[in-house]
Structure formats: C-alpha cells, structure tokens
Amino acid sequence: MAVPLGRNHPPPEVLLQQGAQNRWMPDPDTLELPEANDLYPVVCKFMRKLNVRASPGFDCIAAPSIKYAEKEVPAVNGHGVEKMNVLAPYFARFFALMMEKAQIPEMWKAAKVTPLHRRGPVLDPNCYCMLAVSGTMYRLHVNVMSAIYLIDIDSIADRVKGALTGTPNFLVTHMLFADDLCLMSNDPNNMQTMLNKLRACAQRKSLTVNTHKSEVMCFNSHTSNLPPLL
C-alpha cells in the first residue's frame, strides 16, 4: 500500500486511521513476524549464494568476508564434519530485530549509481542505463525477506490475485511505485518536459518527490555548455 508523504500531508498513522473510519480500505492483513530461528536457514542459503565479485556498495562490506566466515563442526548426521557460517546466527537475529522495530540502517538506503553502456555511440546519453549498486548487507537482507514473503512475485505483473507468501492466506496484491527512477536526456528542454510529466504523475497519485535524495549527473559536457540545474 502507498500513502502520500511529505511536509503537507499528515503522518501515515493518521491517514490509515482516517481511511478506516471512512471505510475506503479494508483492514490490513495480520502478519506474524518470523523468529531468528526461522530466518537462520534462509540466511545461510543466501550467504552461500553471495557473489564474491560483486561491488560492496557504500557499506564497504566485501561479500567474501561474509561468505567464507566458516568453521568446521560435526555433521548433523554424525558422520564427518560440515562447514557452518559463524556470522549467520548473528545476521538472523539482526534481521529479526529490524523487522520487530520496522527499521533498517540509514546507510542501507544509499546506493552507488553509475552509467552502464548498453549499445550504440558511447558519447550518446540515450545509449546508457543507470545501475544502482546497493550494499552487500542490504542485498542479503532483501533476498532473505523475499524468500520468506514473496514466493511468486511474477503473478502480480500477470494480474493474478496476488503473489504467494510464506504466510498462509496472505497475498501481496499491489506493487505500484518503484523507489529508484532515472530520467536521461541530452537536451535540457526535453529533460524539463520529462520532469514536468513526473511531477504531474506524482500529483495524481498524491506522492511527493524527495528532492533531498535526487541527484543531477552531467557527463560528456564542457563547463561552458552545462545545462542549468532543474
């Protein structure tokens, strides 16, 4: 569910209370939070899948330092030994605490954004897409949460009744707004047109563009012909 945020809107708690009084929305589904013991095997699974060559992002935590933090312990079946990640129990407790507090570290909300050339002339901005590289811990956390709550996310795009989750009778039915958005143009007037359309769309949806988290990037330009900051 998306609620309008910004300086001119009341906090989400007030909006939800007003909505319940006006009967414009159904009561929210109750969701039981998983315990650390439930998260532990999922954390172990995605720790083993970490790409050791991936960029660490702003958290500066390299994937190998997590993936290979292992020690040998007696095997569960009693035959030989097996490897156990010594960080997994702590990460599972950390993720469970974040869900209980409904908070994530502020650093996880930042990502490195870099232009990625797709095809065509390398000097044409339209031939690039923007790649956001999140931190290692954030990527691990997202994979764990998705594995627990979203089993079939494609069913939302296919207009099925909702994506299955790990909780019985709990479906995710709406994912309307993406957090990351990039507008690219090699013409200032065209860029302004796109910004106007974005503003109009946000107003129709009662959303606010967070200008404090927005960045302007100019490349392949001389100082004398830089477009004005919009």
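Turning next to the overall build of the chain. Tallying secondary structure elements over the chain gives seven helices and four strands in all. For the chain, the N- to C-terminal ordering of α and β elements is α-α-α-β-β-α-β-β-α-α-α. Out of the 230 residues belonging to the chain, those deemed buried represent 25%. Of the contacts formed within the chain by residues at least 6 apart in sequence, a portion of 48% connects residues at least 24 apart. As displayed, the chain offers around 17100 Å² of accessible surface, 54% of which is attributable to carbon and sulfur atoms.

Further remarks concern the pattern of salt bridges. With the rule as written, the count across this model stands at one salt bridge. Across the pair K109 and E106 runs a salt bridge, and its minimum N-O distance is 3.5 Å. You can call E106 exposed: its relative accessible area is 59%.

Bringing the side chain of S134 into the picture now. Among the structural elements, S134 can be located in the loop between β4 (128-133) and α5 (136-149). The contacts of S134, once residues within four sequence positions are left out, are S55, P56, G57, A111 and R139.

Within the largest apolar cluster, 24 residues are counted, with the highest numbers of intra-cluster contacts made by L39, V43, F95 and V144. Looking at this core, the elements that each hand over two or more residues are α2 (36-48), α3 (63-67), α4 (88-101) and α5.

What follows is about α5. With 14 residues, α5 extends 20 Å from end C-alpha to end C-alpha; this agrees with the ideal 20 Å at 1.5 Å per step. Looking only at α5, the buried set comprises T136, M137, L140, H141, V144, M145, I148 and Y149. Taken together, the buried residues of α5 touch α2, α3 and α4.

Before going further, it helps to examine unusual backbone geometry. The residue C60 is not glycine, and still its phi comes out positive at about 60°. For C60, the location among the structural elements is in the loop between α2 and α3. Residue C60 is classed as exposed on the basis of its relative accessible area, which comes to 65%.

To continue, consider a negative patch on the surface. Together, E32, E35, D38 and E100 make up a negatively charged patch on the protein surface. By the element assignment, E35 lies in the loop between α1 (12-22) and α2.

Since the α-helix advances by 3.6 residues per turn, residues separated by three or four positions end up pointing in the same direction. A rise of 1.5 Å per residue sets the reference length of α4, with its 14 residues, at 20 Å; its end C-alpha atoms lie 20 Å apart and thus fit the reference within 8%. Residues of α4 that are buried include every one of A88, F91, A92, F95, A96, M98 and M99, and no others. For α4, the angular spread of the buried residues around the axis is 155°, confining them to a single face. Within α4, the exposed residues directed more than 90 degrees away from the buried face are Y90, R93, E100 and K101. Packing partners of the buried residues in α4 comprise α2, α3, β2 (81-85) and α5. In the segment just after α4, A102 is the residue with positive phi, at about 55°.

So, how was this worked out
Residues numbered from 1 in each chain as written. Predicted model: local features only at pLDDT ≥ 70, side-chain atom pairs only at ≥ 80, totals over all residues. Heavy atoms only, no water. Helix = DSSP H or I, 4+ residues; strand = E, 2+ residues; numbered from the N terminus. Buried < 20%, exposed > 50% of the residue type's maximum accessible area, 1.4 Å probe, protein only. Contact = heavy atoms within 4.5 Å. Areas by Shrake-Rupley, 256 points an atom, 1.4 Å probe, with all protein chains shown as cover. Salt bridge = Lys/Arg side-chain N within 4 Å of Asp/Glu carboxyl O. Core = buried A, V, L, I, M, F, W, Y, C linked by side-chain atoms within 4.5 Å. Expected span 1.5 Å × (residues − 1). Patch = residues over 30% accessible without salt bridge, like charges linked within 9 Å, V, L, I, M, F, W, Y side chains within 5 Å. Lys, Arg positive; Asp, Glu negative; His and termini not counted. Charge placed at Lys NZ, Arg CZ, Asp CG, Glu CD. Arc of directions from axis to C-beta.

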